[in-house]
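# Summary of the model geometry
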Amino acid sequence: MSGPICIFEEEQYPLIRKAAALAGEILHLVGERVAAGKTLLELDAFAEEWIRDQGAVPTFKGYMGFPNTLCTSVNENIVHGIPNDKPLKEGDIVSIDVGVTVTEDFNGKPFKYVGDNAFTFPCGEINAKSRRLLEATNEGLWAGLDSIKAGGFISDISKAIEQIAKDKRYGNVQEFGGHGIGPEYHCQPFIPNFTEYFKHYPDDEIKPGMVLAVEPMFNIGTSAIKKHKDGWTIATADRKNSAHFEHSALVTKDSVEIITDVRKTRDIFKS
Ligand code: MF3
Ligand code: CO
Ligand code: CO
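Below you will find a few notes about this structure. Quantities reported herein were computed from a predicted structural model and do not represent experimental measurements.

## Focus on the sheet that holds strand 10 (residues 217-219)
Overall, antiparallel pairing links the 3 strands, which are arranged 6-10-13 in an open sheet. Strands at the two margins of the open sheet, each flanked by one partner only, are strand 6 (171-172) and strand 13 (242-244). Looking at chain direction, strand 10 and strand 13 are connected through 3 bridges and run antiparallel. Its bridge partner being in strand 13, Asn219 is matched across the sheet by Ser242.

Rendered as structure tokens:
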């Protein structure tokens, strides 16, 4: 993630909202299709077709060489899993991460808008340990989102997420985190899910016009990770389950809009 912090103009807000809403919608359409016997490649093909039917483009496909529309990370896989043809099983937890790019004219020039979000879906009935992990990681995400305000700092988000992971004793992945969103997708600032980061790197003020993707990854066991031989998939070092949730937030002068939250996920595990 390099270059400057990206700031959108007010006239661009409707366009970034549109990309984010598409990303939110397709994420949950995929989630509704998570079931025992389904393969990740089937979900991927469905998502790609749906996104293209909307006149949009799957952000991840080809991004730094990633081969697919969805990142699909099952059980001990944390993020960046490549869809495969292995059928899902009852009890799996399935992280789906999707980005949608919409290109629209802005001041006479084509400009790209990206919506990015992720959710870990249960495949059928899951055990109590996995269910608590999903609840806690979603809670971590919302604690992070609730701490965003113009004039505040990126470290407020990190602190809120870290607190939930600590309270509930989950491994809190450090090597990956949230980020700003700009026309070429990932953008400054990096949003770590832990505060130790700021002993080594500067903090940034949160400003109107920023779009921030917040994405905690909590593990049942160790926070340590390992990378698969495929060069992409990140898994837990102890092979215990991991969960990942993400929303994109648009910071305006007087509010923070969770622009990917078309399915209202804050209380989704409370019933
Ligand atoms: N997990 C990343 C995010 O949400 C995106 C993956 S980029 C890809 O920021 F290339 F792996 F697709
Ligand atoms: Co994402
Ligand atoms: Co992201």
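## Side note on the sheet that holds strand 14 (residues 247-251)
Strand order across the open sheet formed by 5 strands is 8-7-9-14-15, with antiparallel pairing between neighbours. Looking along the sheet, the strands with just one partner apiece sit at the ends: strand 8 (185-191) and strand 15 (256-258). When the angles between neighbouring strand axes are averaged without regard to direction, this sheet yields 30 degrees. In terms of strand pairing, strand 7 (residues 178-182) meets strand 8 through 5 bridges, oriented antiparallel. What sits directly across from Gly178, in strand 8, is Ile191.

## Here we look at the packing of helix 3 (residues 128-146) against helix 4 (residues 154-167)
Direction vectors running N to C along helix 3 and helix 4 enclose 155 degrees, while the axes themselves pass 7 Å from each other. Overall, the two elements helix 3 and helix 4 adopt an arrangement that is roughly antiparallel. Helix-helix and strand crossings are classified by hand; for helix 3 and helix 4 the assignment is right-handed. Residues Ala136, Glu139, Gly140, Ala143, Gly144 and Asp146 of helix 3 form the contact with helix 4, whose own contacting residues are Ile157, Ala160, Ile161, Gln163, Ile164 and Ala165. When its residues are assigned to classes, the contact of helix 3 with helix 4 shows 7 nonpolar, 3 polar and 2 charged.

What counts and what doesn't
- Residues numbered from 1 in each chain as written.
- Chains lettered and ligands numbered in written order.
- Predicted model: local features only at pLDDT ≥ 70, side-chain atom pairs only at ≥ 80, totals over all residues.
- Pairing = 2+ DSSP bridges.
- Helix = DSSP H or I, 4+ residues; strand = E, 2+ residues; numbered from the N terminus.
- Axes fitted to C-alpha atoms, helices over the stretch in contact; angles between N-to-C directions.
- Parallel < 35°, antiparallel > 145°, perpendicular 65-115°, else oblique.
- Left-handed = near helix turned anticlockwise from the far one by under 90°.
- Contact = placed C-beta atoms within 7 Å.
- Nonpolar A, V, L, I, M, F, W, Y, C, P; charged D, E, K, R; others polar.

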